[in-house]
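Examining the three-dimensional arrangement
Now for the letters of each chain:
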Amino acid sequence: MTVHQIPNTIKTDSFWMPFTANRQFKKAPRLFSSAKGMYYTSVDGRQVIDGSAGLWCVNAGHGRPQIAAAVERQLSTLDFAPSFNMGHPLAFDFAERLAEIAPKGLDRVFFTNSGSESVDTALKIALAYHRAAGQPSRTRLIGRERGYHGVGFGGMSVGGMVANRRQFATHLPGVDHIRHTHDLARNAFAKDQPEHGAELADDVERMVALHGADTIAAVIVEPVPGSTAVLPAPKGYLQRLRELCTKHGILLIFDEVITGFGRLGTPFAANFYGVTPDMMTTAKGITNGTVPCGAVFTSRQIHDGLMVGPDNAMELFHGYTYSAHPVACAAGLATLDIYKDEALLTRGASLADYWRDALHSLKGLPNVVDIRNQGLMGAVEVAPRDGVVGARGYDIMVDCFNRGLYFRMSGDSLALSPPLIVEKSHIDDIVSILGDSIKRVA
């Protein structure tokens, strides 16, 4: 039983929890009952700072009345409308608003319901585009080691997290991976972008030499991997990746499910790094985490390349029942209004240095082997215990929860990404609680 767990009558047997050690959790559940602003409230009435914006998604903070009102209004007006050969105005309004804040040129939007669906959609669009362009041999998809692109078979196949792949024997054929950029030996405790690693983008040339450029459809990477605990792109890496993909006619896809909507102090990581991909996958912050929704942004070249054949011909045999769901669109439009009115898509830039310095103040604590940051993302990595990877990270996470801080852990890395409404006082509290816990547990 955790320190603050109160007796309750909740039955935990029926809910099979995702990405959770179910048996371990159900022995001592950690339960939230409400949320507002920067804080969750636990079932026993304690305030817990949200150090991870939920699951990297509650960018505007919790409990926004404007979004709740928009959702209520929409449910009372039009609760559902199909997007197959029919439509509703909010879908087009939402797409236009998203195109306005997208990196220049990525102004065609396909709606999904999650980051996983966005990734699988982008991969399918890449294959369909090359086929329509008369290059049907381009069927190979290239991911990256330590990458996370959701849990669909497409995203799992291009993903590079071993545990997410090991249990499932069936992967897409024709998939390969370039090397990851995490280099503790050269880049430990780097502030912002690491100095070393741009040359790792040249792995694309290795893929071309091995498979032939004319077989490769797309390369997909996260500008800053989040699920493997914040691995900022080395200086020049993404620029080099863009150059090589352009050189070989390969589509470049940025998975911005986490980095999208202000996480780096710019609307998207593509803006932050000054690199425009051919497609961009998004979700999470698109509705502030309130209603499931995702979107794939594509260039006009890709979109228009599929607008071929007779006008009555379906251009892309793909979609979801809930694509552009009217309630999700209403929530998304209200979220975009908040982002605009409060300048949240760029607010992180003014706090990035303070955030960086606060996190790096933890250097030197017991077993801390690395600290990483970019924008309002950060991670503290602690050394694993002998033979028990993840145990030290888990114990720190539980200890922090008991003392008023929630964050995501990935093995022995402690990942942080607070809502974009965070103040310096919140950052101070986050780092103080985390630092004390590392001393106590590590």
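Remember, it's a predicted structure, so these values are computed and weren't measured experimentally.

**Looking at helix α3 (residues 65–77)**
Under the 1.5 Å per step criterion, the end-to-end length of α3 is 18 Å for 13 residues, consistent within 8% with the ideal 18 Å. For α3, the set of buried residues is I67, A70, V71 and Q74. Projection of α3 onto a plane perpendicular to its axis shows the buried side chains occupying an angular sector of 95 degrees, all on one side. Summarising the geometry of α3, the exposed residues directed more than 90 degrees from the buried face are P65, E72, R73 and S76. Close packing links the buried residues of α3 with α4 (89–101) and α13 (326–341).

**Quick notes on the packing of aromatic side chains**
Using the criterion set out here, one finds eleven aromatic pairs in the structure. Ring geometry for F94 against F111: centres 5.3 Å apart, planes inclined by 15 degrees, an arrangement best described as stacked. Of the two residues, F94 is situated in helix α4 and F111 in strand β4 (residues 108–112); the sequence distance between them amounts to 17 residues. We note that F94, like F111, is buried. Over the face of the ring belonging to F401 we find R46, whose NZ or CZ atom lies 5.0 Å from the ring centre. The aromatic ring of F189 is capped on one face by K363, whose charged end is 4.8 Å from the ring centroid.

**Some remarks on unusual backbone geometry**
If you check the backbone angles, A53 has positive phi at about 45 degrees while not being a glycine. Relative to the helices and strands, A53 is located in helix α2 (residues 53–56). One non-glycine residue, V230, lies in the positive phi region at around 60 degrees. Along the polypeptide, V230 turns up in the loop between β7 (216–221) and α10 (237–247).

**Brief notes about a nonpolar patch on the surface**
A grouping of F153, F168 and L172 is seen on the molecular surface, where their side chains present a nonpolar patch of about 270 Å² in accessible area. Summarising the element assignment, L172 is placed in the loop between α7 (162–166) and β6 (175–178).

**A few points about the domain arrangement of the chain**
Here the chain is described as being made up of domain 1 (22–60 + 346–441) and domain 2 (66–341). With 34 residues of domain 1 at the interface, the matching set in domain 2 holds 34 residues. Contact between domain 1 and domain 2 buries roughly 2,700 Å² in total, counting both sides, with carbon and sulfur atoms accounting for 58%. Counting across the interface, domain 1 meets domain 2 through one salt bridge.

**A few points about empty space enclosed by the protein**
Scanning the model with the defined rule gives four cavities of 30 Å³ or more in all. Residue lining of the largest cavity: 15 residues in total, with H182, N187, P194, P232 and R372 positioned closest to the centre. Looking at which element gives the most residues to the lining of the largest cavity, the answer is strand β11 (residues 368–374), with four residues. By residue class, the composition of the lining of the largest cavity is seven nonpolar, four polar and four charged. Of the pockets and cavities examined, the second largest cavity occupies roughly 50 Å³. Considering the residues around the second largest cavity, the lining is formed by W56, G226, S227, R408, M409, S410 and A415. No other element matches strand β14 (residues 408–410), which puts three residues into the lining of the second largest cavity.

What counts, and where the lines are drawn
Residues numbered from 1 in each chain as written. Predicted model: local features only at pLDDT ≥ 70, side-chain atom pairs only at ≥ 80, totals over all residues. Heavy atoms only, no water. Helix = DSSP H or I, 4+ residues; strand = E, 2+ residues; numbered from the N terminus. Expected span 1.5 Å × (residues − 1). Buried < 20%, exposed > 50% of the residue type's maximum accessible area, 1.4 Å probe, protein only. Arc of directions from axis to C-beta. Contact = heavy atoms within 4.5 Å. Phe/Tyr/Trp six-rings, centres within 6.5 Å; stacked < 30°, edge-to-face > 60°. Lys NZ or Arg CZ within 6 Å of the ring centre and 35° of its normal. Patch = residues over 30% accessible without salt bridge, like charges linked within 9 Å, V, L, I, M, F, W, Y side chains within 5 Å. Areas by Shrake-Rupley, 256 points an atom, 1.4 Å probe, with all protein chains shown as cover. Salt bridge = Lys/Arg side-chain N within 4 Å of Asp/Glu carboxyl O. Domains from an automatic or database assignment. Buried area = accessible area lost by both parts, 1.4 Å probe. 1 Å grid on protein atoms, 1.4 Å probe; cavity = no way out; pocket = protein on both sides within 12 Å on 5 of 7 lines; lining within 4 Å. Points joined across faces, edges and corners; volume = space filled by probe spheres on them. Nonpolar A, V, L, I, M, F, W, Y, C, P; charged D, E, K, R; others polar.

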